[in-house]
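If you want the building blocks of each chain, they are given just below.
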Amino acid sequence: MMNQLTAFLEEQHIAYRLHEPMRAHTTFKIGGEADVCLTVCSVDELIGVLARCRALGIPAMVIGRGSNLLVSDEGIEGAVIELGGAFRKLSVDGDTVTCGAGVSLSKLCTVACEHGLSGLEFAYGIPGSVGGAVYMNAGAYGGEMRDVCADVTALSESGAICVVDRADCAFGYRTSVFKTSGDIILFSKFMLHPDDSAAIRSRMDDYMDRRRSKQPLEYPSAGSVFKRPVGAFAGTLIESCGLKGTSVGGAQVSIKHAGFIINTGGATCDDVMRLVALIQERVKHETGYDLQREIIRIGR
């Protein structure tokens, strides 16, 4: 079946790599091989690839910049699809910015700043794609994607393209309707407001400085490991249990920020999952809080 898929990709001039190590596609730098990793550059290419995968019975998934993913050591069965070309472009029209799901959040924030548009400063420095940020309703420093997202163009499992208004996106804490619908985010539109570019840049730089001082950006990680429990902060709970610096293999609870698990070198998915379980058990025993994982594990 894979031979038939690669033959189709070659016919369509779609770039692909066989047995691609997924550690090269995640910020955690962890993960085994994907059977095939490919890049689509248009909606038609994406629709065609997904249709061919379904016809051949090959699992397929779309990923962004891998900033919230933990990939299995055994890798991923089937096709991993990355979004390039049209999905990495953006345009500005007045107070509105429209961009593809493959655009990095940092680029979106920078372009908005250059055009004197405010509202996205909180997202500057979050190491993800626009698609992933909307999917997770990413947020920081009091802001979330739902505050600025006007609508989302998505591809349904049936192959239909639909525009989902913000009111129908069911944005919540680190969630959206796209986590349950199975629809693939293609493009997003953001409604911002005018402000002085220098003032916007100052706020962006301030948020970045805060991240650098408080988060272990010098190590590979997937960001905050756990969702924020009601009435508390995951990092504070973990630190109160004396778990800073605790390691399993190459995975370690960050000394700088206990809400992060870092890859100190050679960490495996199994190392991380065992450390996650240890943290959950200790925090539950000592504080009564049930920590829920925010990072998404994928693969075999």
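The preceding data block contains the structure.
Calculation rules
Residues numbered from 1 in each chain as written. Predicted model: local features only at pLDDT ≥ 70, side-chain atom pairs only at ≥ 80, totals over all residues. Heavy atoms only, no water. Helix = DSSP H or I, 4+ residues; strand = E, 2+ residues; numbered from the N terminus. Buried < 20%, exposed > 50% of the residue type's maximum accessible area, 1.4 Å probe, protein only. Polar contact = N/O pair within 3.5 Å; in protein donor to acceptor, adjacent residues only side chain to side chain. Contact = heavy atoms within 4.5 Å. Pairing = 2+ DSSP bridges. Axes fitted to C-alpha atoms, helices over the stretch in contact; angles between N-to-C directions. Salt bridge = Lys/Arg side-chain N within 4 Å of Asp/Glu carboxyl O. Core = buried A, V, L, I, M, F, W, Y, C linked by side-chain atoms within 4.5 Å. Disulfide = S-S within 2.5 Å. Phe/Tyr/Trp six-rings, centres within 6.5 Å; stacked < 30°, edge-to-face > 60°. Lys NZ or Arg CZ within 6 Å of the ring centre and 35° of its normal.

Considerations on the side chain of Ser104
Here's step 1: Relative to the elements of secondary structure, Ser104 occurs in the loop between β7 (96-100) and α3 (105-114).
Here's step 2: Overall, the relative accessible area of 15% leaves Ser104 in the buried class.
Here's step 3: Side-chain polar atoms of Ser104 contact the backbone nitrogen of Lys107, separated by 3.1 Å.
Here's step 4: If sequence neighbours within four positions are ignored, Ser104 has contacts with Arg65, Gly128, Ser129 and Val130.

Thoughts on the sheet that holds strand β1 (residues 16-21)
Here's step 1: With mixed pairing, the four strands of this open sheet are ordered in space as β1-β2-β5-β3. The strands lining the two open edges of the sheet, one partner per strand, are β1 and β3 (60-63). Strand-to-strand twist across the sheet, computed as the mean angle between neighbouring axes with direction ignored, equals 35°.
Here's step 2: In terms of strand pairing, β3 meets strand β5 (residues 76-83) through four bridges, oriented parallel. Along β5, the bridge assignment pairs Val62 with Ile81.

Section: the pattern of salt bridges
Here's step 1: A full pass over the atoms with the stated rule returns 17 salt bridges.
Here's step 2: Note that Glu144 and Arg174 form a salt bridge whose closest N and O atoms lie 3.8 Å from each other. Residue Glu144 is found in strand β10 (residues 143-144), and its partner Arg174 is found in the loop between β12 (161-165) and α5 (178-181); the two are separated by 30 residues along the sequence. Across the pair, Arg174 and Glu144 agree in class, each one buried.
Here's step 3: With its nearest N and O atoms 3.9 Å apart, the salt bridge here joins Arg274 to Asp271. Linking Arg274 with Asp271, this pair stays in helix α8 (residues 269-287), spanning three residues, or about one helical turn.
Here's step 4: Taken together, the shared-partner salt bridges connect Glu144, Arg146, Arg174 and Glu294 into one network.

Brief notes about the nonpolar core
Here's step 1: Counting 56 residues, the largest nonpolar core has Leu5, Leu46, Val49, Leu108, Val134, Met145 and Phe190 as its most contacted members.
Here's step 2: The element that contributes the greatest number of residues to this core is helix α2 (residues 43-56), accounting for six residues.
Here's step 3: Discounting chain neighbours no more than four positions away, the residues touching Met145 are Leu105, Leu120, Phe122, Ala133, Val134, Asn137, Ala138 and Phe190.

Thoughts on unusual backbone geometry
Here's step 1: In this model, Tyr141 sits at a positive phi of 50°, which is unusual for a non-glycine residue.
Here's step 2: When you line up the elements, Tyr141 lands in the loop between β9 (139-140) and β10.
Here's step 3: You can call Tyr141 partly exposed: its relative accessible area is 31%.
Here's step 4: You will see that Arg174, though not glycine, has its phi angle at about 55°, which is positive.
Here's step 5: The exposure class of Arg174 is buried, given its relative accessible area of 12%.

With respect to the state of the cysteines
Here's step 1: Counted under the stated rule, the structure contains zero disulfides.
Here's step 2: We note that Cys37 lacks a disulfide partner, and the nearest cysteine sulfur, in Cys53, lies 12 Å from it.
Here's step 3: Lacking any disulfide linkage, Cys169 is separated from the closest cysteine sulfur, that of Cys149, by 5.3 Å.
Here's step 4: The class of Cys169 is buried, set by a relative accessible area of 0%.

What about the environment of Gly182?
Here's step 1: With respect to the secondary-structure elements, Gly182 resides in the loop between α5 and β13 (184-191).
Here's step 2: On a C-alpha basis, the gap between Gly182 and Ser156 in space is 7.0 Å, while along the polypeptide they are 26 residues apart.

Overview of the sheet that holds strand β18 (residues 260-263)
Here's step 1: Read from one edge to the other, the open sheet built from four strands follows the order β15-β18-β17-β16, with strand pairing classed as antiparallel. The sheet is open, and its two borders are formed by β15 (221-224) and β16 (247-248), each paired with just one other strand.
Here's step 2: Here β15 pairs with β18 via two bridges, running antiparallel. Its bridge partner lying in β18, Ser224 is registered against Phe260.

A word on the packing of aromatic side chains
Here's step 1: A full pass over the atoms with the stated rule returns two aromatic pairs.
Here's step 2: Arranged with centres 5.5 Å apart and planes meeting at 25°, the rings of Phe87 and Phe187 form a pair that is stacked. Of this pair, Phe87 sits in the loop between β5 and β6 (90-93) while Phe187 sits in strand β13, placing them 100 residues apart in sequence.
Here's step 3: Exposure remark for Phe187: the relative accessible area of 23% places this residue in the partly exposed category.
Here's step 4: On the basis of an interplanar angle of 10° and a centroid distance of 4.7 Å, the ring pair of Tyr141 and Tyr207 is categorised as stacked. You can see Tyr141 sitting in the loop between β9 and β10 and its partner Tyr207 sitting in helix α6 (residues 197-214), a full 66 residues away along the chain.
Here's step 5: Residue placement shows Arg201 over the ring face of Tyr124; its charged tip is 5.4 Å from the ring centre.

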